[in-house]
Amino acid sequence: MQITGAELFVKALLAEQVDTLFAYPGGQAIDLFDALYGVEGIRVILPRHEQGLVHAADGYARSTGKVGVCLVTSGPGATNLVTGIATANYDSVPLVCFTGQVSTGLIGNDAFQEVDIVGITRSITKYAVTVRKREDLAAVIKKAFFIARSGKPGVVLVDLPKDIQQAKGSDCCPKQVEIRGYKPNTRVHMGQIRKSLECLKQAKRPVFLLGGGVKIARAGREMTALMEKTGIPCVTTIMGKGAVATDHPLYVGNLGIHGSYAANIAISQCDVLFSIGVRFNDRITGKVSEFAPNAVIIHVDIDPASISRNIEVDIPIVADARNAVQVLLEHADACSCEEWRKQIALWKKEYPLTVSESAQSGDGVQGTMSFTPQAVMCGINRIFQQAVITTDVGQNQMWATQFLELSERKQMLTSGGLGTMGYGLPAAIGAKLGNPDLDVIAICGDGGIQMNIQEMATAVVYELPVIICILNNGYLGNVRQWQEMFFNRRYSATCLRRRKSCPSACSAPSSACPAYTPDFIRLAESYGAKAIRVTKQEEIGPALEAAKESKTVPVVIEFLIEPERNVLPIVPPGNPLSNMIMKSNGMITEKKNKITESYGVITEHNDMDMEGGKR
């Protein structure tokens, strides 16, 4: 039977069991939208911007484990996907993005709304291709889904010229696909497993380091069982948090620039570091030459290119995380590290992760706030036992990753690799569409929420009761914190209250600062959402409870927090993880046991014997 390429496109999506398509129409994709009209089984979601569209597909994919699917037109429609494509690809999210394109005869002639989207995205996708022949269309689509979901997941972009959409041809869709030279390895090399187990047997201070790969592989249960069988404590990256329950007694915390004291020191003093599904990027390593300096490093990753790229490892294991953990669980024995566990517990007790008592905001434009961001996260922990939580990027993300309690029933979606502001709201929309029976919460900063705030309309029209928590401090808070701590309080372009009439230089908020723009309550209500403003700690719980009761309408909760509240601990630039600023008004030097009245660092404990140098 002869059908158009557009009709074959729809048939191929149905064959891949695509039930949700995030799409925005345009001239070079109109034939595809016409073929989708009235089709049973595919729900077409129309966001309000293509960047919001691709983040929504990302949130859908992360929260469901399915491939997220996008469709946009050529030119600006395609280029508006770029940030979302990079966001998803850095975090190994399986997406297939279809872009309309001018007819093949016009490609390269600077036609209206023509861009080389394959060339633009080649470095930020797993695979990108323009379909040049109608007879290749079905096979290319099949290949796209296979590549996106197999091996290390990622983004595939398929560019569809208009004449290919209109041309008639076979209606056959291939059942399988064979790609020469692409054979992702998922099997586990037993020789490397034996070497790693022998290291663990001899270890006195072992640590498991879990990254996003453990969550992608859905290996949380197996990993928890492995921790319990071996007795080895576990540290996570931001992307790995939630792979095991954060209230598990063997869970230490996040490591990295804003990691907990116990986690950073445990990594700095361990003698075996068993890392699974980790990129070892600069946000978690600190000074590379002093990262886990006395440890034998074992690295499990499905992508061989990720191993020894940033941190040289001693025992590489190329395998799917879940398969590797299952094999380890079968052969591992209990580890003799009771004293090590006691030491880590002592560090957690001595230096718990908590927001400092007060910020340095003086009389503050928002008055003296009676609650901290930690109190907001604790309210979410208490009220929502099963949920999907998304975040934007900045201080809101750091407080969420520090204080949210996560488990198999409560997961967090965040932009870890690219660090994309504006991710939280559209990702929450995608997560809610994929998980209609779960509470979905977006934690956003007042800066990040405005980057894709138009997607509030999407939540309203599709009757998605997402809960949008805006932590409003009137600043681009993460950059402002760095300006305060490392640039002598030169607040350059970070104040969101700033107006033309303000002084040319300003280093602190005051009661004379202009009113904030916009008024988030009135803006939310103009979209048709419900809105609540919280200024006191006792209002946090009731606000969250009220939002939880909404069944068809999104709810915005604006939390007014202190303008100069900082995220601590922080590892200063160029420092090892063992050097952390712990307080806004002083430093603790471990060896001297004293506090000095300026910013400074806390240096690592030396109360554990360090046995020799690294390797």
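Residues numbered from 1 in each chain as written. Predicted model: local features only at pLDDT ≥ 70, side-chain atom pairs only at ≥ 80, totals over all residues. Heavy atoms only, no water.

**With respect to the sheet that holds strand E6 (residues 127-130)**
Okay, so step 1: Read from one edge of the open sheet, six strands run E3-E2-E4-E5-E7-E6, paired in parallel fashion. The open sheet terminates on both sides in strands that have one partner only, identified here as strand E3 (43-45) and E6. Each strand of the sheet is rotated relative to its neighbour by a mean of 20 degrees, with strand direction disregarded.
Okay, so step 2: As paired elements, strand E2 (residues 20-23) and E3 share three bridges and run parallel to each other. Along E3, the bridge assignment pairs Thr20 with Arg43.
Okay, so step 3: Packing of helix H3 (residues 50-64) onto the sheet brings it into contact with E2, strand E4 (68-72) and strand E5 (95-101), and relative to E4 it is tilted by some 165 degrees.
Okay, so step 4: Sitting on the sheet, helix H5 (residues 82-90) is in contact with E5 and strand E7 (155-161), with an inclination near 145 degrees to E7. (Pairing = 2+ DSSP bridges. Helix = DSSP H or I, 4+ residues; strand = E, 2+ residues; numbered from the N terminus. Axes fitted to C-alpha atoms, helices over the stretch in contact; angles between N-to-C directions. Contact = heavy atoms within 4.5 Å.)

**What to know about the pairing of E2**
Okay, so step 1: Side chains of E2 alternate between two faces, with Thr20 and Phe22 and Leu21 and Ala23 buried alike.
Okay, so step 2: In this fold, E2 hands off to helix H2 (residues 30-36), which returns the chain to E3; that crossover is right-handed. (Buried < 20%, exposed > 50% of the residue type's maximum accessible area, 1.4 Å probe, protein only. Right-handed = clockwise from strand over helix to strand, strands pointing away.)

**So, unusual backbone geometry**
Comment: phi is negative for the bulk of residues other than glycine, and the bulk of peptide bonds are trans.
Okay, so step 1: The peptide bond linking Thr517 to Pro518 adopts the cis configuration, its omega dihedral lying at 5 degrees.
Okay, so step 2: Here Pro518 shows up in the loop between helix H20 (477-486) and helix H21 (520-527).
Okay, so step 3: Omega for the peptide link from Leu568 to Pro569 comes to 0 degrees, which places this bond in the cis form.
Okay, so step 4: Of note, Pro569 is situated in the loop between strand E20 (555-560) and strand E21 (587-589).
Okay, so step 5: A positive phi angle is found at Arg218, which is not glycine, with a value near 55 degrees.
Okay, so step 6: Structurally, Arg218 is set in the loop between helix H10 (212-216) and helix H11 (220-230).
Okay, so step 7: You will see that Phe280, though not glycine, has its phi angle at about 55 degrees, which is positive.
Okay, so step 8: Mapped onto the elements of the fold, Phe280 is located in the loop between strand E12 (272-276) and helix H13 (282-285).
Okay, so step 9: Under the relative-accessibility criterion, Phe280 is labelled buried at 2%.

**A few points about the packing of aromatic side chains**
Okay, so step 1: Under the definition given, this model contains eleven aromatic pairs.
Okay, so step 2: Where Trp340 meets Trp347, the ring centres are 5.9 Å apart and the plane angle is 90 degrees; that geometry is what we call edge-to-face. Of the two residues examined, Trp340 and Trp347, each falls in the buried class.
Okay, so step 3: Across from the ring centre of Tyr475, 5.8 Å away, lies the NZ or CZ of Arg480, which sits over that ring. (Phe/Tyr/Trp six-rings, centres within 6.5 Å; stacked < 30°, edge-to-face > 60°. Lys NZ or Arg CZ within 6 Å of the ring centre and 35° of its normal.)

**Description of the confidence of the model for the chain**
Okay, so step 1: Confidence in the prediction for the chain averages 92 pLDDT; 93% of positions are at 70 or higher.
Okay, so step 2: Throughout residues 358-365 the model reports pLDDT below 50, and contacts reaching past four residues in sequence, or to other chains, amount to 24 contacts.
Okay, so step 3: Considering only residues more than four positions removed or in separate chains, one finds that residues 586-601, a stretch of pLDDT under 50, has 45 contacts. (pLDDT = per-residue confidence, 0-100.)

**A look at the nonpolar core**
Proteins that are soluble and globular tend to have nonpolar side chains buried together.
Okay, so step 1: Within the largest apolar cluster, 66 residues are counted, with the highest numbers of intra-cluster contacts made by Met223 and Leu273.
Okay, so step 2: With six residues, helix H12 (residues 261-269) is the single largest residue contributor to this core.
Okay, so step 3: Setting aside chain neighbours within four positions, we find Met223 in contact with Phe208, Leu210, Val214, Val244, Ile276 and Val325.
Okay, so step 4: Grouped together as the second largest cluster of nonpolar side chains are 50 residues, Phe22, Val388, Ala431 and Tyr516 included. (Core = buried A, V, L, I, M, F, W, Y, C linked by side-chain atoms within 4.5 Å.)

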